[in-house]
Amino acid sequence: MAHLASRRTRVLTLPVGLALTASLGFLPTGTAAAAPADEPAAVVPADGPKLSYVVNTQAGHGTVKQVRKAIAAAGGTVVTSYDKIGVIVVHSQNPDFGATIRKARGVRSAGATRTAPIVPQATKDIGVEQPLTAAEARAASKDAAAGQDPLEPLQWDLPAIKADQAHKKSLGSSKVTVGVIDTGVDDTHPDLAPNFDRKASVNCVSGAPDTTDGAWRPAAGESDHGTHVAGTIAAAKNGTGVTGVAPGVKVSGIKVSTPAGFFYTEAVVCGFVWAAEHGVDVTNSSYYTDPWLFNCKNDPDQGALVEAVTRATRYAEGKGVVNVAAAGNSDHDLALDAIEDTTSPNDTTTVTRTVDPSACPDIPTMLPGVVTVSATGAKGLKSSYSNYGLGVIDVAAPGGDSTRYQTPEAPAVSGLILSTTVGGGWNYKAGTSMASPHVAGVAALIKSTHPRASAGAVKALLTLQADATACGAPYDIDGDGTVDAVCEGGKQYNGFYGAGVVDALDAVRW
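Residues numbered from 1 in each chain as written. Predicted model: local features only at pLDDT ≥ 70, side-chain atom pairs only at ≥ 80, totals over all residues. Heavy atoms only, no water.

K.L.:
Honestly, the side chain of Asn94 in this entry has me stumped. Any pointers?
P.N.:
Within the fold, Asn94 resides in the loop between strand S3 (87-92) and helix H2 (97-101). On the basis of relative accessible area, Asn94 is assigned to the buried category, the value being 4%. At a separation of 2.9 Å, a polar atom in the side chain of Asn94 contacts the main-chain amide nitrogen of Asp96. (Helix = DSSP H or I, 4+ residues; strand = E, 2+ residues; numbered from the N terminus. Buried < 20%, exposed > 50% of the residue type's maximum accessible area, 1.4 Å probe, protein only. Polar contact = N/O pair within 3.5 Å; in protein donor to acceptor, adjacent residues only side chain to side chain.)

What follows is the structure, encoded as structure tokens:
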């Protein structure tokens with residue numbers, strides 16, 4: 001069956017790729033018991049491509065200081081250092097930097113965050129979307145009931161999680177902030193401006209926080225992905241456009257993607273640490289960390305990336321942040337022990353490899369503590385493209401699907417998700433990218449109802465309140481007589497829907 005699939009961001013996108021070469025070396029990750037690299041070599045090579053690295057240190061301020069010296073000796077330049085989690089972001093043109101720094105005393109792991117050199121990248125149109133037509137907007141406005149925003153009749157996703165009923169009781173608290181770790185948020189949009197949290201917004205693309213005014217916005221020609229996600233979470237109920245799942249909470253923009261839409265480790269680490277230290281209650285991650293769809297822990301580079309992002313997500317959760325992430329759009333069963341990955345690395349020449357997701361996780365989606373979200377369509381079935389997997393998926397939420405597969409009830413006209421776009425407009429997208437912010441919005445409503453709840457308590461309520469959804473009949477989404485995916489588990493918990501579809505109404509009344 002033909003799927004609308006994306007493997008980079010969690011929205012339905014067109015495949016992308018640049019052309020260089022890459023090698024895959026699956027080596028042990030243990031730190032070698034070698035002499036410290038504190039003394040610089042006579043000549044440090046600097047003729048390689050300029051790459052970015054994360055260096056993960058062992059605990060202790062003294063250790064970080066010692067490792068900084070070793071980095072300099074190995075021909076590296078520190079971009080920024082997150083001492084509280086022991087992650088240092090480094091640039092180097094020494095082709096042997098990774099191998100050298102891994103031998104330094106105090107280094108637990110280190111790896112290149114990309115396989116392409118650090119160069120300006122051309123903007124690419126990665127979105128597969130549908131515009132909102134003027135005729136649709138006019139018709140929706142006529143159908144809007146008292147208390148509804150003009151385009152709300154087109155948002156079949158809100159009643160699917162009872163958000164329309166929840167809004168009669170609570171819109172959420174302005175003391176709760178959801179951080180959109182994504183491509184940037186256009187805070188000038190009339191549906192987002194009333195709820196935007198500037199103090200919690202930042203540009204993390206370099207790996208170091210940039211708080212220049214507006215740095216969190218997508219530049220001209222860049223993806224509107226983050227802006228769309230932000231609208232699903234917290235578009236204001238203000239008589240304009242659409243309504244978010246939690247239209248009374250705050251939303252911040254934490255920009256982590258390059259102009260070409262790559263989400264590299266140093267930026268992702270920066271994003272989670274920023275959220276942890278700037279009052280963010282919930283984060284949404286609708287992407288995977290480039291350039292690897294799956295990061296194998298027994299590879300010295302990929303293993304270091306897993307460790308760095310794990311440290312960052314755990315640090316955020318320790319500060320009370322609930323981290324929510326999209327499961328992905330490849331129709332993969334993430335519970336299998338062998339999946340073929342043909343898309344990595346996606347910033348140079350891809351290679352085909354077979355991976356075990358339990359040993360080669362998709363990050364941050366499959367990291368411990370992160371809420372993993374699958375997507376459903378307008379008929380409440382798993383979306384045709386959505387990843388799944390027993391023991392991997394925590395909850396499900398509307399992400400949209402082809403209208404041919406799952407047609408919404410009138411007055412809605414598209415099976416995709418309608419939300420905000422840059423420049424003050426609205427459009428439709430679909431993907432687990434669109435499912436995850438529904439869950440982030442419900443988590444924000446729970447936090448609004450229980451302001452003193454820990455991250456663990458909010459996550460527990462998220463699953464306890466979810467509407468259990470059984471696997472149902474054999475899954476043949478395109479009706480061709482062939483089963484397209486196998487759902488394992490019972491009604492209370494299974495591989496398609498986890499604990500079930502999130503419930504916004506229970507979030508505000510429990």
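Next comes the rest of the description.
K.L.:
Help me understand the packing of aromatic side chains, please; the structure alone is not making it clear to me.
P.N.:
Where two aromatic rings form a pair, the distance of their centres and the angle of their planes describe that pair. Counted according to the given criterion, the structure contains 7 aromatic pairs. Ring geometry for Phe263 against Tyr287: centres 4.6 Å apart, planes inclined by 5 degrees, an arrangement best described as stacked. Here Phe263 is found in the loop between strand S8 (250-255) and helix H7 (265-277), whereas its partner Tyr287 is found in the loop between strand S9 (282-285) and helix H8 (300-318), with 24 residues between them in sequence. Considered together, Phe263 and Tyr287 belong to a single accessibility category, that of buried residues. Their ring planes at 80 degrees and their centres at 5.2 Å tell us that Tyr388 and Phe496 sit as a pair that is edge-to-face. In this pair, Tyr388 is assigned in the loop between strand S13 (371-376) and strand S14 (395-398) and Phe496 in the loop between helix H10 (455-465) and helix H11 (504-509), connecting sequence segments 108 residues apart. The residues Tyr388 and Phe496 share a single accessibility class, namely buried. Within the aromatic cluster, the residues linked to one another by ring pairs are Tyr388, Tyr475, Phe496 and Tyr497. The positively charged end of Arg114 is found above the aromatic ring belonging to Tyr264, 3.9 Å away from the centroid. (Phe/Tyr/Trp six-rings, centres within 6.5 Å; stacked < 30°, edge-to-face > 60°. Lys NZ or Arg CZ within 6 Å of the ring centre and 35° of its normal.)

K.L.:
Hey, could you run me through the environment of Thr183 in this one?
P.N.:
Within the secondary structure, Thr183 sits in the loop between strand S6 (177-182) and strand S7 (202-203). Every residue in contact with Thr183, bar those within four places of it in the chain, is listed here: Pro218, Ser223, Asp224, His225, Gly226, Lys255, Ser257 and Phe263. In terms of polar contacts, Thr183 uses its side chain to reach the side chain of Asp182, at 3.5 Å. Within the structure, the side chain of Thr183 is placed 2.9 Å from the backbone nitrogen of Gly226, a separation counted as a polar contact. (Contact = heavy atoms within 4.5 Å.)

K.L.:
Help me understand the state of the cysteines, please; the structure alone is not making it clear to me.
P.N.:
In protein structure, a disulfide is the covalent linkage between the sulfur atoms of two cysteines. Inspection of the entire model under this criterion finds 3 disulfides. Shown here is the disulfide that connects Cys204 with Cys270, its sulfur atoms set 2.1 Å apart. Across the S-S bond of Cys204 and Cys270 the torsion is about -60 degrees, and the bridge reads as left-handed. Of this pair, Cys204 sits in the loop between S7 and helix H6 (225-234) while Cys270 sits in helix H7, and the two are 66 residues apart along the sequence. When its relative accessible area of 1% is taken as the criterion, Cys270 is described as buried. Residue pairing for Cys296: its cysteine sulfur links by disulfide to Cys360, the two sulfurs lying 2.2 Å apart. What sets the handedness of the Cys296 and Cys360 disulfide is the S-S torsion sign, and at about 105 degrees it is right-handed. One end of the pair, Cys296, is in the loop between S9 and H8; the other, Cys360, is in the loop between strand S12 (351-355) and S13, and 64 residues separate them in sequence. There is no split in this pair, since Cys296 and Cys360 are both buried. The connectivity of the disulfides in the protein chain is 1-2, 3-4, 5-6, where the numbers refer to bonded cysteines in sequence order. (Disulfide = S-S within 2.5 Å.)

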